[in-house]
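Commentary on secondary and tertiary structure
Below, each chain spelled out in residue letters.
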Amino acid sequence: AEVSTQSTGEVINFYFNLLMDRSKKCAPTIHIFNTFFYPRLLKVGHQGLARWTRRVDLFAMDLIMIPIHLGMHWCLAVIDVRAKSITYYDSLLGDNHQCTNALRDYISAEHLAKKKSPLDIQNWKLKIEKDIPEQLNGCDCGVFTCKYAEYISQDKPFDFDQGDMPYFRRRMIWEMVNKTLL
């Protein structure tokens with residue numbers, strides 16, 4: 001059965017909140033923007049998102065994760081404050097330089113607004129990651145996006161593939177029903 005894009009976005013937001021809750025208890029520290037962040041960033045830029053971070057210092061975090069929706073496909077972008085990098089993860093191995101550039105501009109503007117000084121963005125790396133588990137069907141992008149985020153949030157290397165998706169779907173349902181990650 002086909003799940004609506006809105007439903008998938010709600011599942012991603014819920015799952016990512018579980019990841020953020022876990023990060024409060026163990027390193028690395030993460031902040032996760034919800035699925036509405038990226039479209040709003042493209043529409044209004046940093047200025048229209050200023051209140052989204054009024055209670056959080058993004059530069060005190062290790063990782064900032066942003067689920068990216070491309071109409072019919074979900075991806076993940078990660079701002080790694082420790083490594084000074086912005087990385088884009090697409091299970092279909094697509095490119096999205098618009099995303100990494102928009103996030104570079106956002107994090108620069110956020111630094112200027114919060115820290116009152118320019119961010120030395122020249123030392124930051126923008127990457128479209130290609131050496132990642134690849135989706136081989138048309139329906140698992142949301143699960144891949146959640147699993148990329150889960151592994152990255154624990155600094156774990158990816159050790160899964162398409163064949164793990166049925167198990168991950170069942171596991172994620174259990175985790176969301178029980179509001180705890182395994």
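Residues numbered from 1 in each chain as written. Predicted model: local features only at pLDDT ≥ 70, side-chain atom pairs only at ≥ 80, totals over all residues. Heavy atoms only, no water.

Regarding a positive patch on the surface
Together, R40, K43, R51, R54 and R55 make up a region of like positive charge exposed at the surface. With relative accessibility at 75%, the residue R55 sits in the exposed group. (Patch = residues over 30% accessible without salt bridge, like charges linked within 9 Å, V, L, I, M, F, W, Y side chains within 5 Å. Areas by Shrake-Rupley, 256 points an atom, 1.4 Å probe, with all protein chains shown as cover. Salt bridge = Lys/Arg side-chain N within 4 Å of Asp/Glu carboxyl O. Lys, Arg positive; Asp, Glu negative; His and termini not counted. Charge placed at Lys NZ, Arg CZ, Asp CG, Glu CD. Buried < 20%, exposed > 50% of the residue type's maximum accessible area, 1.4 Å probe, protein only.)

Let's talk about the layout of surface pockets
Put simply, the second largest pocket is a space of about 150 Å³. If you go around the second largest pocket, you meet 13 residues; those closest to its centre are D80, R82, Y89, I152 and D155. Those elements giving two or more residues to the lining of the second largest pocket turn out to be β3 (74-80) and β4 (85-89). With three residues, β4 is the largest single contributor of residues to the lining of the second largest pocket. Classifying every residue of the lining of the second largest pocket by side-chain character gives six nonpolar, two polar and five charged. (1 Å grid on protein atoms, 1.4 Å probe; cavity = no way out; pocket = protein on both sides within 12 Å on 5 of 7 lines; lining within 4 Å. Points joined across faces, edges and corners; volume = space filled by probe spheres on them. Helix = DSSP H or I, 4+ residues; strand = E, 2+ residues; numbered from the N terminus. Nonpolar A, V, L, I, M, F, W, Y, C, P; charged D, E, K, R; others polar.)

Observations regarding the packing of helix α4 (residues 141-153) against helix α5 (residues 165-178)
Between α4 and α5, the shortest axis-to-axis distance is 11 Å and the interhelical angle comes to 75°. In this view, α4 runs roughly perpendicular relative to α5, as classed from their interaxial angle. Only M165, F168, R169, R171 and M172 of α5 make contact with α4, whose side of the interface consists of V143, F144, C146, K147, E150 and Y151. Taken together, the residues of the contact of α4 with α5 sort by class into seven nonpolar, no polar and four charged. (Axes fitted to C-alpha atoms, helices over the stretch in contact; angles between N-to-C directions. Parallel < 35°, antiparallel > 145°, perpendicular 65-115°, else oblique. Contact = heavy atoms within 4.5 Å.)

What to know about the environment of P118
By the element assignment, P118 lies in the loop between α3 (97-115) and β5 (125-129). For P118 and I64, which are 54 residues apart along the polypeptide, the C-alpha to C-alpha distance reads 19 Å. Look past the residues within four positions of P118 in its chain and what remains in contact with it is H111 and L112.

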